[in-house]
Amino acid sequence: MSTPSRQLAILGGNPIFEELLHVGRPNIGDRNDFLRRVNDMLDRRWFSNDGQFVQEFERRIEKYLGVKHCVAVCNATIGLAIAVRAMELRGEVILPSYTFVSTAHVLQWQGIQPVFVDMDPATHNLCSTAVEAAMNARTTAVIGVHVWGRACDTERLQQLANARGIPVLYDAAHAFGCSHQGQMVGNFGRCEVFSFHATKFLNSFEGGAVTTNDSKLADKLRLMRNFGFAGYDRVIELGTNGKMTEVCAAMGITSLEAVEELIGVNRRNYERYAIKLLGLPGITLLRYSSAEQNNYHYIVVEVDPNECPLDRDELVATLHAENVLARKYFWPGCHGMEPYRSQQSVARQNLMHTDRVAARVIVLPNGQSVGESDVVKVADIFKSAIINAKEVRARIQSQQG
Ligand code: T4K
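Computed from a predicted model, the values in this text were never measured in an experiment. (Residues numbered from 1 in each chain as written. Predicted model: local features only at pLDDT ≥ 70, side-chain atom pairs only at ≥ 80, totals over all residues. Heavy atoms only, no water.)

## Some thoughts on the pairing of strand β9 (residues 191-195)
In summary, the side chains of a regular strand alternate between the two faces of the sheet. The element β9 is extensively covered by neighbouring structure, given that five of its five residues are classed as buried. Here β9 shows a buried face lined by C191, V193 and S195 and a second buried face lined by E192 and F194. In this structure, strand β6 (residues 168-171) lies alongside β9, joined through three bridges in parallel fashion. Looking at β9, one finds that L169 is bridged to C191. Alignment of β9 against strand β10 (residues 208-212), held across four bridges, turns out to be antiparallel. The residue bridging V193 from the neighbouring strand is V210, located in β10. (Buried < 20%, exposed > 50% of the residue type's maximum accessible area, 1.4 Å probe, protein only. Helix = DSSP H or I, 4+ residues; strand = E, 2+ residues; numbered from the N terminus. Pairing = 2+ DSSP bridges.)

## Considering the site of the ligand
Near the ligand lie 24 residues; those nearest to it are R25, T77, D171, S195 and Y329. In this structure, T77 approaches the ligand through a side-chain N or O atom, which is 2.6 Å from an oxygen atom. In this structure, a nitrogen atom belonging to the ligand sits 2.6 Å away from a side-chain N or O atom of D171. When the ligand sits alone it has 930 Å² of accessible area, and the protein chains cover 75% of it. Sorting the residues of the shell around the ligand by element identifies α3 (76-86) and α4 (101-108) as the ones contributing at least two each. (Near = heavy atom within 4 Å. Polar contact = N/O pair within 3.5 Å; in protein donor to acceptor, adjacent residues only side chain to side chain. Areas by Shrake-Rupley, 256 points an atom, 1.4 Å probe, with all protein chains shown as cover.)

## Quick look at helix α8 (residues 246-257)
Its 12 residues place the ends of α8 16 Å apart at the C-alpha level, agreeing with the 16 Å of an ideal helix rising 1.5 Å per residue. The buried fraction of α8 is high, at 10 of 12 residues. For α8, every residue scored as buried is listed here: E246, C248, A249, A250, M251, G252, I253, T254, S255 and L256. In this structure, the buried side of α8 is in contact with α1 (31-44), α2 (52-65) and α9 (259-277). (Expected span 1.5 Å × (residues − 1). Contact = heavy atoms within 4.5 Å.)

Structure follows, in structure tokens:
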């Protein structure tokens, strides 16, 4: 390992990045196209309620994913909530603990008991054996999460669910532009829910979409995102306000037009990270299958504390001191957050792999705002930290008092 000469900021040097290098910096498609759409929207004075841009966004997503229905919503959390409600789930629903907390909150919010099961440490996705073991008479569905855009074992999950006559749905928040067995994510289970939050691969500022090949479900989702209105003054369903606005859809369309370019940028950075981090002791970069289409949005590093002279938190502290705002997604797992942490039923679950992986993961910056030289600098921070591990650890310990 060659020795980068600069002194680490955590040891008293100046941060290598003058400005913060964030995880989750939004990608922006063609700015002029977006502004043209916004002007058009202002001219037409149509800002929300199933407007022209929302409809265009939905049709374009359907085409891109090869799915029958896309129902755009204001964010993925509401998308999941509407899906869960439209499918009339109750009792218990099985899901991974290793996910963003909103996957669990949509259940608890509706009086449904989230039952957390462990992950497969090789994929970071729901372990199907654990799902099978957690199923009981109260189970009404399974929610799989395609963590980092890598699809769940949809075949096995579907088999398990079919055997009990219950549906599977997917939180596909990370997985826009990704495929599984050659089919685009968006087509699996009863429905799938994407997030188009600012930090996501494809963004519409805030936004999301539920996709499904089930026409009846799609009709119900459309009603429910609009208070249950079936026409002027006619409410036929308990609904909410889950509508996407026109300005969000304008951003979404503009992002969609840039998808190939964004995959290219992410992939170039990913490959550069892979080269630069290669061979560092105890540092493993998450792999994407070359047989599938990936969005390469997440640069996920696992730190093995038995091999690396620093643990995950020490490396994150070192990166933060250099102005690299790396994140520890999804630490500590939903089961480590309230209200789940205090629930007896959750405490009894065996989440050994979730605990282990959640304590090892670092997510690094990617996307348009990250250049190739940034990747090299981030990798150099890892190298310097490992070379100077003793001093780094001592400094962190002294800071912690
Ligand atoms: N399911 C899964 C698996 C998810 O990951 C998510 C969302 C959902 C469901 C729910 O989807 P939505 O309902 O949001 O559509 C962020 C996002 O807010 C959240 O959407 C996302 N997952 C999660 C993984 O990341 P935080 O709490 O980490 O956000 P925050 O404010 O710390 O921002 C993250 C980073 O992004 C920071 O480094 C700052 C940077 N950033 C953020 C925004 C909003 C920017 O540079 N510019 C921006 O405009 O949750």
